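The residues making up each chain are set out below.
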Amino acid sequence: MAEAKLNIAIAGAGLMGRLLAWRLSVMGHQVTLFESGSLENPAGACHAAAGMIAPLSELYHCPLPIYHLGLQSLQHWPQWVKQLEQQTGTNVDYRQTGSILIAHPQDRSELLQFQQELTAKLGNENAGQLQWLDKDTLTDLEPELDRFDQGLWLATEADIDNRKLLPALYQLLKISDVMLRENTRVDCTPGKIHSSSGSEPFDLTIDTRGLGAKQQIKGLRGVRGEVLVVETQEVQLNRPMRLLHPRYQLYAVPRADHRIVIGATEIESEDMNPISLRSSMELSSALYSIHPAFAEARILETRVNCRPATMDNMPLLETEPGLIRVNGLYRHGYLLAPALVVQVEMQIQQTTSDTAQVTRCN
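Values in this document were obtained by computation on a predicted structure and should not be read as measured data. (Residues numbered from 1 in each chain as written. Predicted model: local features only at pLDDT ≥ 70, side-chain atom pairs only at ≥ 80, totals over all residues. Heavy atoms only, no water.)

Caption draft 1: Spotlight on the environment of Gln86. Within the fold, Gln86 resides in helix α4 (residues 64-88). Overall, Gln86 belongs to the exposed group, its relative accessible area being 59%. Taking the C-alpha atoms as reference points, Gln86 and Glu320, separated by 234 residues in sequence, lie 36 Å from one another. (Helix = DSSP H or I, 4+ residues; strand = E, 2+ residues; numbered from the N terminus. Buried < 20%, exposed > 50% of the residue type's maximum accessible area, 1.4 Å probe, protein only.)

Here you go:
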């Protein structure tokens, strides 16, 4: 018997919403995507992020399930990007050249502690995933880091340019069979979407609204992140780099046109005001400590947004008849999204249960 095709509503057109709308439409379902703001000019956490897909780097601060979900996403991203680029004729700059971890001489113990933490969590699974670099091998990979005499290379990690990916997904959705409803604020209940114009029935409603679903998900909170985008032709990096420090971890992700995305801040606040002077100074001084030529870099943009997080910082996949909620991706949106999309696909393929269930992805 052929699989039944559903009329599905997706609320929230961030990364999860766009990926789900695309993949579910490929499966033959009729999909309507609702977004409270503009689809062409997204303003959520997915737009402010640096687009890193770094399961090993994140494992240092996160539980093992995040790492395993990240590995699953790393398997899906290359194929999905290839399909997306072929269908839209665009390049979204997906890169899997690993990431580099460095520390100043006085902070070398941070590198050793990083390795020990991952070894404790992964055991034999850790073998070969972390490669120690001396000065020569480090500068072979990243010539601009010649002020550092050792580092760690996490060769399997990847990153993607979110400022190219999100428009490409929008372009693909426009030419697909997905119905797009922007500037429409909605609420979700099983099998229904509620907006100012009334209620609409669907076979299934999927809620990916992030903090927009705060009233429906107990304990959901926003965690503020701040990012700088700088431009310089004096320093050229080939892959994402992280500076380990006792107080913070700075990351620098190179992009096209001599741009570099700089970030590190993580503040327990839902404040959406512009970046603070303190954060700006800390990010800038840490960047300057990597290479003095960064002193002449131009700050092109500052980004501030709040990531949706659960109380235990684990992603939430909540299922009941007629309704699926996906939320709490926290700082791991690009790391976790494909793996969670596949889990939703599997949920849809399964027989609907009469008993509500909550999966904590652990």
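There's plenty left to go through after this.
Caption draft 2: Main features of the pairing of strand β5 (residues 99-102). Across the two faces of β5 the burial is the same, with Ser99 and Leu101 and Ile100 and Ile102 all buried. Here β5 runs beside strand β7 (residues 150-154); their pairing, made up of four bridges, is antiparallel. Bridge pairing links Ser99 to Leu154 in β7. The pairing of β5 with strand β15 (residues 241-244) spans three bridges and is parallel. Considered in β15, the bridge of Leu101 is made with Arg242. (Pairing = 2+ DSSP bridges.)

Caption draft 3: View of the sheet that holds strand β10 (residues 187-189). Strand order in the open sheet formed by three strands is β10-β11-β12, with antiparallel pairing between adjacent strands. Only two strands of the sheet have a single neighbouring strand rather than two, namely β10 and β12 (198-201). If you compare each strand with its neighbour and ignore which way they point, the axes differ by 25° on average. As defined by bridge partners, strand β11 (residues 192-195) adjoins β12 across four bridges and the pair is classed as antiparallel. When the bridges of β12 are listed, His194 appears paired with Ser199. (Axes fitted to C-alpha atoms, helices over the stretch in contact; angles between N-to-C directions.)

Caption draft 4: Here's a closer look at the side chain of Glu58. Along the polypeptide, Glu58 turns up in helix α3 (residues 55-59). Apart from residues no more than four positions distant in its own chain, Glu58 is found in contact with Arg242, Arg331, His332 and Leu335. (Contact = heavy atoms within 4.5 Å.)

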